[in-house]
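Remarks on the overall topology
Listed below are the residues making up each chain.
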Amino acid sequence: MLSALLLSFAVIFVAELGDKSQLMAMTFALRYKWYVVIGGITAATTVVHLVSVAVGHFLGVSIPTELISIVGGIAFVIFGLWTLRGDSLSEDEGAKASRVTRSAFLAIASAFFLAELGDKTMLATVTLAADNDWVGVWIGSTVGMVAADALAIVVGAVLGKHLPERVIQFGAAILFFVFGAVLFFEGLMPGTAAPYIAAGVVLAVSAVVIAILRRSRARSAREPVEQNTTGA
């Protein structure tokens, strides 16, 4: 069991480095408390990897993931819209803040659950469980993924302290839209370049929208000055 645990930890930790899940973890950490993000990731990873070891050890079959990817893509678009809307709560509203924390936990857990189904880390866990102790693989793969994502959470938490709230809000929303586009088209057109094209389109449209908003805001800031000058 120990050898399976160490092996699966190393494999999943390395596989997770640079994966979209790390970027997701950093994005969530920009918006929410680190312990909420860790909790959501841990809950989702524990369930997904339990399914993975069950498939690898007991069933030995593959899971069709196209529909899951499409649903996940739609979910990420919803998360992006939710992020743009923002949380209109004052700091002293304890009960409401508690509800926001619970909602964030559920959103993070569901997002990672959908994103990891069919991901390379899940497939790696299935493969490891086919030839190794399934309990060791389950524990090792779960800890390995959480540890790798924790690195991204640290980066997200540090950035969140140094960036303006509006920048964080727009940046997180754009990343969610990109994740949504990639997952949606991975399910709709698997094995093609469509996910990458969609991600590029989302980034390009986002850049145009941001440029328009900045120009509009700059124009609005100049108008009072021009009016005062005219009045004088």
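Residues numbered from 1 in each chain as written. Predicted model: local features only at pLDDT ≥ 70, side-chain atom pairs only at ≥ 80, totals over all residues. Heavy atoms only, no water.

**Let's talk about the side chain of threonine 45**
Where we set the bar: Strands here mean DSSP runs of E at least two residues long; helices mean DSSP runs of H or I at least four residues long; both are numbered from the N terminus. In the analysis that follows, any N or O atom pair within 3.5 Å is treated as a polar contact, provided that within protein one partner can donate a hydrogen and the other can accept it, and provided that, for residues neighboring in sequence, both atoms belong to side chains. A contact between two residues is defined here by any heavy atoms of the two lying within 4.5 Å.
Locating threonine 45 in the fold gives a position in helix H3 (residues 34-59). A distance of 2.7 Å separates a polar atom in the side chain of threonine 45 from the backbone oxygen of isoleucine 41. With near-sequence residues (within four places) excluded, threonine 45 lies in contact with Thr142 and Met145.

**Side note on the packing of helix H1 (residues 2-16) against helix H7 (residues 134-162)**
The angle between the axes and the distance between the axes are what describe a pair of packed helices. Under the convention used in this document: Note on method: axes are straight lines fitted to C-alpha atoms, helices fitted across the in-contact stretch only, with angles between N-to-C directions ranging 0 to 180 degrees. The sense of a crossing depends on the near helix, which, turned anticlockwise from the far helix by less than a right angle, makes the crossing left-handed and, turned clockwise, makes it right-handed. For this scheme, ten residues count as nonpolar: Ala, Val, Leu, Ile, Met, Phe, Trp, Tyr, Cys and Pro. Four count as charged, namely Asp, Glu, Lys and Arg, and the remainder, Gly too, count as polar.
Their axes nearest at 7 Å, the elements H1 and H7 cross at an angle of 35°. Note on packing geometry: the crossing formed by H1 with H7 is right-handed. On the side of H1, the interface is formed by Ala4, Leu5, Ser8, Phe9, Ile12, Phe13 and Glu16, while H7 contributes Gly136, Val137, Ile139, Gly140, Ser141, Val143, Gly144, Met145, Ala147, Ala148, Asp149 and Leu151. Classifying every residue of the contact of H1 with H7 by side-chain character gives twelve nonpolar, five polar and two charged.

**Here's the deal with helix H2 (residues 20-31)**
Spelled out, the test is: In this scheme, a helix's expected span is set at 1.5 Å multiplied by one less than its residue total. Burial classes follow relative accessibility: with a 1.4 Å probe on protein chains only, a residue under 20% of its type's maximum area counts as buried, one over 50% as exposed, and anything between as partly exposed.
In this model H2 runs 17 Å from its N-terminal to its C-terminal C-alpha over twelve residues, within 8% of the 16 Å that 1.5 Å per residue would give. Within H2, ten of the twelve residues are buried, leaving the element largely enclosed by the surrounding structure. Of all the positions in H2, only Ser21, Gln22, Met24, Ala25, Met26, Thr27, Phe28, Ala29, Leu30 and Arg31 are classed as buried.

**Section: the confidence of the model for the chain**
Put simply, the test is: Confidence of the predictor at the level of single residues is captured by pLDDT, which takes values from 0 to 100.
In this model, the chain carries an average pLDDT of 76, and 79% of its residues clear a pLDDT of 70 or more. A low-confidence stretch, residues 87-97 (pLDDT under 50), is modelled with seven contacts involving residues beyond four sequence positions or located in other chains.

**Re the nonpolar core**
So the rule is basically this: Nine residue types can take part in a nonpolar core, namely buried Ala, Val, Leu, Ile, Met, Phe, Trp, Tyr and Cys, and a core is a set of them joined through side-chain atoms within 4.5 Å.
Ranked by size, the top nonpolar core spans 31 residues in total, and within it Phe28, Ile41, Phe76, Phe79, Ile108 and Phe112 carry the most contacts. Residue assignment for this core shows that the elements contributing at least two residues are H2, H3, helix H4 (66-85), helix H5 (94-116), H7 and helix H8 (165-188). For this core, the element with the most residues is H5, which contributes seven residues. Each residue touching phenylalanine 76, except ones within four places of it in the same chain, is listed here: Met24, Ala111, Ala115, Phe176, Phe179, Gly180 and Leu183. Among the nonpolar cores identified, the runner-up in size contains nine residues, and Ile174, Phe177, Ala181 and Val202 belong to it.

**Here's the deal with the packing of H2 against H7**
Just so we agree on the cut-off: Roughly parallel refers to an angle under 35 degrees, roughly antiparallel to one over 145, roughly perpendicular to one between 65 and 115, and oblique to any angle outside these ranges.
It is at 7 Å that the axes of H2 and H7 come closest, and there the two elements cross at 40°. Between H2 and H7, the interaxial angle falls into the category oblique. Viewed along their axes, H2 and H7 form a crossing whose handedness is right-handed. In contact with Ser21, Gln22, Ala25, Met26, Ala29 and Leu30 of H2, H7 contributes Met145, Ala148, Asp149, Leu151, Ala152, Ile153, Val155, Gly156, Ala157, Leu159 and Gly160. In the contact of H2 with H7, the residues fall into twelve nonpolar, four polar and one charged.

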